[in-house]
Structure formats: C-alpha cells, structure tokens
Amino acid sequence: MVHSYLIAEEGVTKGMVFPLETRLTIGRGEENDIRLSHSTVSRTHTLVYLENGQAVVEDMESRNGTYVNGEQVNKAVLSSGDVIWVGDVALRFMQENEQDRIDLGAETQELGHADLSPGGSGELAARSRRLMEAMSEVPFLANFPDEELAELGQEAKLLLVKQGKHIVREGDYGRSMYIVLEGKVQVLTQDNQGEDVHVSYLAENQFFGEISFLTAAPRFATVQAVEDTLLCELSYESMKEVVRRSPEVKGILDEYYRERLRELQAKQQSS
C-alpha cells in the first residue's frame with residue numbers, strides 16, 4: 001500500500017506531517033485542512049488530491065500562485081520529493097510503500113481520531129477510555145456532560161510528540177488547545193536577550209494553549225516534549241463550541257490565562 005504525505009518545510013507548521021488520504025485544502029482560512037497564517041497565502045490557495053492513483057496539485061485561483069519545484073502550475077501531477085510552494089511556504093510531497101515506511105522526523109505524528117463507540121475494544125478502546133478520563137479531569141471540562149464530552153473526543157486528534165520536539169513555538173500563530181494524556185512537557189519563554197527560560201512543567205491531565213485560544217494572539221510561550229508525550233489536540237472550532245454550550249468554561253479559562261500570563265511575564269522580567 002502506498003502512503004502519501006505533505007511535510008511542512010518551514011514556517012508555523014515546520015516539521016509537521018499531513019497524511020494525504022483523499023484531498024487536502026491549503027490556505028490562510030480556518031476552514032482549510034492545512035492552515036498557513038502567512039500574508040502571501042490566499043484564504044483558499046491550493047488543493048492537493050488523489051486521482052486514479054496519482055497525487056495532483058491544483059491552484060485555486062490564488063493571488064500569488066502555486067509552484068512545484070520553482071515552476072508555476074495551475075494543475076500538475078506530483079512525484080515523491082516534489083516541493084510545493086504555497087505563497088512563501090514550502091511543503092514537500094512524499095510517497096512510500098508500506099514496507100519501506102521510515103521515520104519522517106516530524107514534530108508530531110497524528111494517530112487519528114479516537115474511537116469512542118461503546119463496542120470499542122483493544123488498544124484503541126483503551127486509548128479512548130484514557131482520553132475520556134483525561135478530558136473529564138481537566139478543570140474546564142470537569143462538569144461537561146458525558147454525551148457532549150464523547151462528541152468532543154470524536155473531533156479530537158491524538159498526537160504523539162517525540163522527546164525534545166516542539167509542540168508550539170513562541171510567536172507562532174495557532175488557536176488549538178492541548179491536553180497531556182501521557183508524558184510531560186515543559187513551557188519555555190524568551191528573556192530580553194532572546195534566551196530560553198524555563199517556566200513550568202505540565203504532565204498528565206494538564207492543558208495548555210488557552211491564551212491564544214482566548215486572545216487570537218501569537219503563542220506566548222514555547223512548549224516542548226520532555227519525554228515521548230501523547231497529546232489530545234482540541235481545535236479552535238471545537239473549543240468555540242464548548243464555550244458556546246457551557247459559558248462558564250470561558251470563566252475558568254480566563255482564570256488560567258491571567259495566572260499563566262503573570263507567570264510568564266514574571267519569568268521574563270526576572271531573567
């Protein structure tokens with residue numbers, strides 16, 4: 001079986017792997033499968049899809065065009081190793097056979113959506129139970145109804161982050177929130193000299209990302225995996241729905257946001 005991927009070469013999503021199963025939309029808008037917050041990227045810029053066993057890239061009438069290996073294209077068939085330029089952001093297309101699969105060195109590896117169906121069994125069911133347990137113990141979800149918690153879990157992504165890899169970087173754009181299921185991460189900020197300063201550790205059932213979710217500002221800190229870490233990623237759209245259904249959630253997040261922002265600023269000033 002052949003597996004197809006797009007791998008971000010630079011920018012906010014650098015190092016991330018995006019599996020190409022049927023189609024991927026790329027652009028600046030939140031509705032895209034790969035969102036690139038860059039001024040040179042159109043709201044809906046590029047489409048990559050599989051057709052008759054081939055991978056095809058198609059420009060969506062973008063402002064700055066789509067390029068493959070430096071040549072502007074309207075529509076083109078991709079070969080493994082080709083570099084797609086979406087505005088000023090590069091994505092490398094890769095294909096490999098099942099028997100030849102290798103570690104692509106990604107910042108994160110997406111494990112897929114959790115199966116929360118009652119009849120689930122085996123490793124995935126155990127992971128689903130672990131996800132539900134963790135979500136129910138997170139302060140802002142503690143009183144969330146079980147049915148709605150299960151629905152949120154269905155929309156969540158599970159990400160395995162290797163030791164030493166970054167999950168988010170200070171200054172990057174992104175409004176997802178994350179729950180630590182297994183492992184440990186450290187929060188880092190930069191002092192006035194641009195040096196990394198340790199702020200805190202976060203372990204199982206703790207969360208991060210609420211500052212950017214609430215404010216739409218760039219990430220205030222870098223979060224790095226201290227050991228191999230399993231995370232649950234909750235998208236901005238999912239969290240927006242949580243707040244809509246349970247307005248008290250926003251109050252809880254506000255408290256964490258203000259406390260953590262004070263902690264970050266204190267670390268920056270004392271260094």
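Overview of the structure. (Residues numbered from 1 in each chain as written. Predicted model: local features only at pLDDT ≥ 70, side-chain atom pairs only at ≥ 80, totals over all residues. Heavy atoms only, no water.)

### Some details on the sheet that holds strand 16 (residues 185-190)
Counted only if it meets this: Any two strands with at least two DSSP bridges between them are considered paired. Numbering goes from the N terminus for both helices and strands, where a helix is a DSSP run of H or I of at least four residues and a strand is a run of E of at least two. An axis is simply a line fitted to the C-alpha atoms; with a helix, the fit covers only the stretch in contact. Between two such axes, the angle follows the N-to-C directions and lies from 0 to 180 degrees. Two residues qualify as a contact provided that any one of their heavy atoms is within 4.5 Å of a heavy atom in the partner residue.
If you trace the 4 strands from one edge of the open sheet to the other, you get 14-19-16-17, paired in antiparallel fashion. The open sheet has two edge strands, strand 14 (166-168) and strand 17 (196-202), and neither has a second partner. Across the sheet, the axes of successive neighbouring strands diverge by a mean angle of 30°, strand direction being ignored. Two elements, strand 14 and strand 19 (residues 222-225), share 2 bridges in a ladder whose sense is antiparallel. Across the sheet, residue V168 finds its bridge partner in strand 19, namely V223. The sheet contacts of helix 5 (residues 248-270) involve strand 16 and strand 17, and relative to strand 17 the element is tilted by about 150°.

### Some words on unusual backbone geometry
The phi angle at N52 is positive, at roughly 55°, despite the residue not being glycine. Topologically, N52 is positioned in the loop between strand 5 (46-51) and strand 6 (54-59). Not every positive phi belongs to a glycine, and N69 is a case in point at roughly 50°. Note that N69 resides in the loop between strand 7 (66-68) and strand 8 (71-73).

### So, the pattern of salt bridges
Threshold: By convention in these notes, a salt bridge is any Lys or Arg side-chain nitrogen within 4 Å of a carboxyl oxygen on Asp or Glu. Working definition: with a 1.4 Å probe on protein chains only, accessible area under 20% of the residue-type maximum means buried, over 50% means exposed, and in between means partly exposed.
Applying the stated criterion to the full structure yields 10 salt bridges. The partner of E30 in a salt bridge is R35, and the shortest N-O contact between them spans 3.8 Å. The partly exposed category is assigned to E30, whose relative accessible area is 34%. A salt bridge links R245 to E151; its shortest N-O distance comes to 3.0 Å. A residue pair is termed long-range when its members are at least 10 positions apart, and R245 in helix 4 (residues 236-245) and E151 in helix 2 (residues 146-155) qualify at 94 residues. Overlapping salt bridges, with partners in common, bring together E148, E151, E241, R244 and R245 in one network.

### A look at the pairing of strand 17
Of the pairings in the sheet, the one linking strand 16 to strand 17 comprises 6 bridges and is antiparallel in character. Looking at strand 17, one finds that L188 is bridged to H198. Taken together, strand 16 and the strand that follows it, strand 17, pair antiparallel across an intervening segment of 5 residues, in which G194 is found at a positive phi of about 80°.

### Let's talk about the sheet that holds strand 9 (residues 75-77)
What the 5 strands build is an open sheet, ordered 4-3-5-6-9; its pairing is mixed. Whereas interior strands pair on both sides, the edge strands pair on one side only; in this sheet they are strand 4 (34-35) and strand 9. In the sheet, strand 5 pairs with strand 6 via 6 bridges, with the strands oriented antiparallel. Within the sheet, the bridge partner assigned to E51 lies in strand 6 and is Q54.

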